Amino acid sequence: MQESLPVAAASPLSRRTRQARAVWGSNVVTIGGDAPVRIQSMTNTDTQEAVATAIQVKELALAGSELVRITVNTPEAAAQVPYIREQLDRMGIDVPLVGDFHYNGHRLLTEFPDCAQALSKYRINPGNVGKGEKRDRQFAQMIEAAMRWDKCVRIGVNWGSLDQELLAQMMDENSRRADPWDAKAVMYEALVTSAIESARQAESLGMDGSQIILSCKVSGVQDLVSVYRELARRCDYALHLGLTEAGMGTKGTVASSVAMGLLLQEGIGDTIRVSLTPQPGEPRTQEVVIAAEILQSLGLRSFVPSVTACPGCGRTTSTTFQELAKQIDDHLRSSMPVWRAKYPGVETMKLAVMGCIVNGPGESKHADIGISLPGTGEAPAAPVFIDGQKAMTLRGDNIARDFQRIVEEYIEKRFGHVADHA
Ligand code: SF4
């Protein structure tokens, strides 16, 4: 038999970018460089409603968002930004605010210095800063505000609002090519060029290149991969990743996960946002949960203990294990805002909830704590494995409650003392 080599382990590549700093007061959140891939989100409240906006920012931050973007579209909205910051500070919510500007950002940042100061980062869309000669002047005003207040910027190109003059010029140039590119290739080139030229322009105005983050958002998975690969090849600015208008529910979740998963595996992306359209009744925080799952499933970061559950099959006709897996998962997620501080490292814990004896004991042994529930026809007993060893067997009607108690005792024992001595 031919000697075989060990199967190589897959892991995301790393790509070194420059590091931006989102600063407010004495706080700072770094993006790019050696920082972990950051999760961002965006509110959908009216920014003029300062209290409602501060509450949603708080919810997003507690769910795990490390930067939260708010729309700053009118003088009334700009006037409320310092109050939103103030309320967050009062609530102890340490999350930087990113201002999303279109069309009038140059005016708002100049006329509302308290707003310019309260924000930690400005999002500038080069396609929406004005036309012709005005464009350069207005873009410069925004960059000057960023430099004055020591803020980083995201130069965020979006294919729905691509600089039309640049696109027309590139289409013209393309028509003169002996062998013209197809329209899609020209669009990709226009997106990448718009982002990089705007960044160079900001640098020529005196902005530190490490304070510039780039994004080129499109709504197709393959388009996003094409554009970001090229962007990553041509520059070392930190990159913000996101599929724009990803859509609702399963479609939005899958498209965002696939697109970002492919790029993150290649080391591309320093901060991500899942642009999910919330379904009626769905909390805004769902986009943060999905972003965290993307990073955790790639092994890039850990946010919440993971629960491995089998899909179930004909060997188990009861839904007990599905209910238990959901109950445990919900409990872990809802406890994390408190556990994060109380039990450092708890987010790396692994649990397994399995439906029968076929894979149950094996999978459970690989987890920190695992339970193998009885399948159809098996004895009504559920062995529990702790750190790879069978620790006990649960029986009776309260298996779920007993297992939850065992999990909590394990967490206290294994992670509780870390905080005591920190
Ligand atoms: S562990 Fe048992 S119930 Fe779960 S999928 Fe495997 S065989 Fe089916």
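Residues numbered from 1 in each chain as written. Predicted model: local features only at pLDDT ≥ 70, side-chain atom pairs only at ≥ 80, totals over all residues. Heavy atoms only, no water.

1. Focus on the pattern of salt bridges
Using the criterion set out here, one finds 22 salt bridges in the structure. Where arginine 69 meets aspartate 100, a salt bridge forms, and the shortest distance between an N and an O atom there is 2.7 Å. Highlighted residues: arginine 69 in strand S4 (residues 67-71) and aspartate 100 in strand S5 (residues 97-101), separated in sequence by 31 residues. For aspartate 100, a relative accessible area of 7% corresponds to the buried category. (Salt bridge = Lys/Arg side-chain N within 4 Å of Asp/Glu carboxyl O. Helix = DSSP H or I, 4+ residues; strand = E, 2+ residues; numbered from the N terminus. Buried < 20%, exposed > 50% of the residue type's maximum accessible area, 1.4 Å probe, protein only.)

2. Topic: unusual backbone geometry
The phi dihedral of tyrosine 103 is positive, around 65°, even though this residue is not glycine. Looking at the secondary structure, you find tyrosine 103 in the loop between S5 and helix H3 (105-111). Backbone geometry places aspartate 387, a non-glycine residue, at a positive phi of 50°. Within the secondary structure, aspartate 387 is located in the loop between strand S16 (381-386) and strand S17 (389-395). By relative accessible area, aspartate 387 is classed as partly exposed at 49%.

3. Notes on the domain arrangement of the chain
Once the domains are mapped, the chain shows domain 1 (18-298) and domain 2 (306-415). In terms of surface lost to domain 2, no three residues of domain 1 exceed Leu62, Glu293 and Gln296, which account for 75% of the buried area on that side. At the boundary of domain 1 and domain 2, one finds 1 salt bridge. Arginine 333 is the partner of glutamate 293 in a salt bridge, and the nearest nitrogen-oxygen pair spans 2.3 Å. (Domains from an automatic or database assignment. Buried area = accessible area lost by both parts, 1.4 Å probe.)

4. Thoughts on the site of the ligand
Near the ligand the following residues occur: Cys310, Gly312, Cys313, Arg315, Thr316, Gly355, Cys356, Val358 and Asn359. The residue makeup of the shell around the ligand, split by class, is 4 nonpolar, 4 polar and 1 charged. (Near = heavy atom within 4 Å. Nonpolar A, V, L, I, M, F, W, Y, C, P; charged D, E, K, R; others polar.)

5. Observations concerning the sheet that holds strand S14 (residues 350-354)
Spatial strand order, S13-S14-S15-S16-S17: 5 strands in an open sheet with mixed pairing. A single partner strand is all that each edge strand has here, and the edge strands are strand S13 (306-309) and S17. Going across the sheet, the axis of each strand differs from the next one's by a mean of 20°, ignoring polarity. In this sheet, S17 lies alongside S16 in antiparallel orientation, the contact comprising 6 bridges. From the neighbouring strand, proline 383 faces S17, where its bridge partner is threonine 393. The strands touched by helix H11 (residues 320-342) within the sheet are S13, S14 and strand S15 (369-372), with S14 carrying the most contacts at an inclination of about 160°. (Pairing = 2+ DSSP bridges. Axes fitted to C-alpha atoms, helices over the stretch in contact; angles between N-to-C directions. Contact = heavy atoms within 4.5 Å.)

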